[in-house]
Amino acid sequence: MNILSTRLSTFENGMGLSTTIDGQPLTVYVVLGEPDLEIIPRIVPEALVEAGAEIHAAVVDDFDQAQSQIDDVLDNVNPGDVAVFFCSSEDCYNAALDLLGLPVDD
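Let us look at the structure shown here. Numbers given for residues are sequential positions, taken from 1 along each chain in its written order. Per-residue local features of the predicted model are confined to residues with pLDDT of at least 70, and side-chain atom pairs are confined, for both listing and counting, to 80 or more; whole-chain, interface and lining totals are unaffected and use all residues. Side-chain descriptors were evaluated using all non-hydrogen atoms of the structure, hydrogens and water having been removed beforehand.

**Comments concerning the sheet that holds strand E4 (residues 55-60)**
What links the strands of a sheet is backbone hydrogen bonding, and the strands pair in either a parallel or an antiparallel sense. Spatially, five strands are ordered E1-E2-E3-E5-E4 in an open sheet, and the strand pairing comes out mixed. Looking at the sheet topology across the chains shown, the edges are occupied by strand E1 (3-11) and E4. Going across the sheet, the axis of each strand differs from the next one's by a mean of 25°, ignoring polarity. Pairing between two strands is assigned when DSSP locates at least 2 bridges connecting them. Helix and strand definitions follow DSSP, with helices as H or I runs of at least four residues and strands as E runs of at least two, each counted in order from the N terminus. By the bridge criterion, six bridges tie E4 to strand E5 (residues 82-87) in an arrangement that is parallel. Following the sheet pairing, alanine 58 is matched in E5 by phenylalanine 85. Contact criterion: two residues are considered in contact whenever any of their non-hydrogen atoms come within 4.5 Å of each other. Each axis is a line fitted through C-alpha atoms, taken for helices only over the stretch in contact, and angles between the N-to-C directions span 0 to 180 degrees. Packed on one face of the sheet, helix H3 (residues 66-74) meets E1, strand E2 (14-21), strand E3 (24-32), E4 and E5 and runs near 170° to E4. Sitting on the sheet, helix H4 (residues 90-99) is in contact with E1, E2, E3, E4 and E5, with an inclination near 170° to E3.

Right, here's the structure in full:
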């Protein structure tokens, strides 16, 4: 799977990414903190939902399993969908950004 991301936005405890997976577009939000589905309407633009994007949310809570936890979501998204990853620690957050093709120092 070829994954590349660029930063779209930064918000408290997270970042929005424009991501391509094997050339297909996806919008991804990576959040540092406990899973909170109520944050999703505050970070995901309503226009994406109105355009038909499905929202997929998941937890990345184990650094050693981050690849698997992210792949489980990415294997089930369609082009144009939105993925939200709630990361339980800074290590998991940085691993998620790296696995999504955005270097930590970007």
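**Topic: the state of the cysteines**
Only a pair of cysteine sulfur atoms within 2.5 Å counts as a disulfide in this structure description. In the structure shown here, the tally under the stated rule is zero disulfides. The closest cysteine sulfur to the non-disulfide-bonded cysteine 87 is located on cysteine 92, 6.4 Å from its own sulfur.

**A short note on the nonpolar core**
Leu17, Val28, Val30, Leu74, Phe85 and Leu100 are the most contacted members of the largest nonpolar core, which totals 24 residues. If you list the elements that add at least two residues to this core, you get E2, E3, E4, H3, E5 and H4. The greatest single-element share of this core, amounting to five residues, is contributed by H4. Leave out the neighbours within four places in its chain, and leucine 100 touches Ile3, Leu4, Ser5, Leu17, Thr19, Val28, Val30, Ile70, Leu74 and Phe85. Residues grouped as a nonpolar core are buried Ala, Val, Leu, Ile, Met, Phe, Trp, Tyr and Cys residues, joined through side-chain atoms within 4.5 Å. Between buried and exposed lies partly exposed: a residue is buried under 20% and exposed over 50% of the maximum accessible area for its type, with that area taken using a 1.4 Å probe on protein chains only.

**With respect to H3**
The set of residues buried in H3 consists of Ala66, Gln69, Ile70, Val73 and Leu74. Angularly, the buried residues of H3 cover 130° about the axis, an arc narrow enough to put them on a single face. It is the directions from the helix axis to the C-beta atoms that the arc portrays.

**Some remarks on the packing of H3 against H4**
Think of two packed helices as two axes; the pair is described by the angle between the axes and how far apart they sit. Close contact between H3 and H4 brings their axes to 10 Å; oriented N to C, the two are set at 55°. By the criterion of interaxial angle, the relationship of H3 to H4 is oblique. Seen along the crossing, H3 lies across H4 with a hand that is right-handed. Seen from H3, the contacting residues are Ala66, Gln67 and Ile70; seen from H4, they are Ala95, Ala96 and Leu99. Throughout this entry, Asp, Glu, Lys and Arg are counted as charged residues, while Ala, Val, Leu, Ile, Met, Phe, Trp, Tyr, Cys and Pro are counted as nonpolar. The remaining residues, Gly among them, count as polar. When its residues are assigned to classes, the contact of H3 with H4 shows five nonpolar, one polar and no charged. Just so you know how the angles are binned, under 35 degrees is roughly parallel, over 145 roughly antiparallel, 65 to 115 roughly perpendicular, and the rest oblique. Two helices cross in a left-handed way if the nearer one is turned anticlockwise from the farther one by less than a right angle. They cross in a right-handed way if the turn is clockwise.

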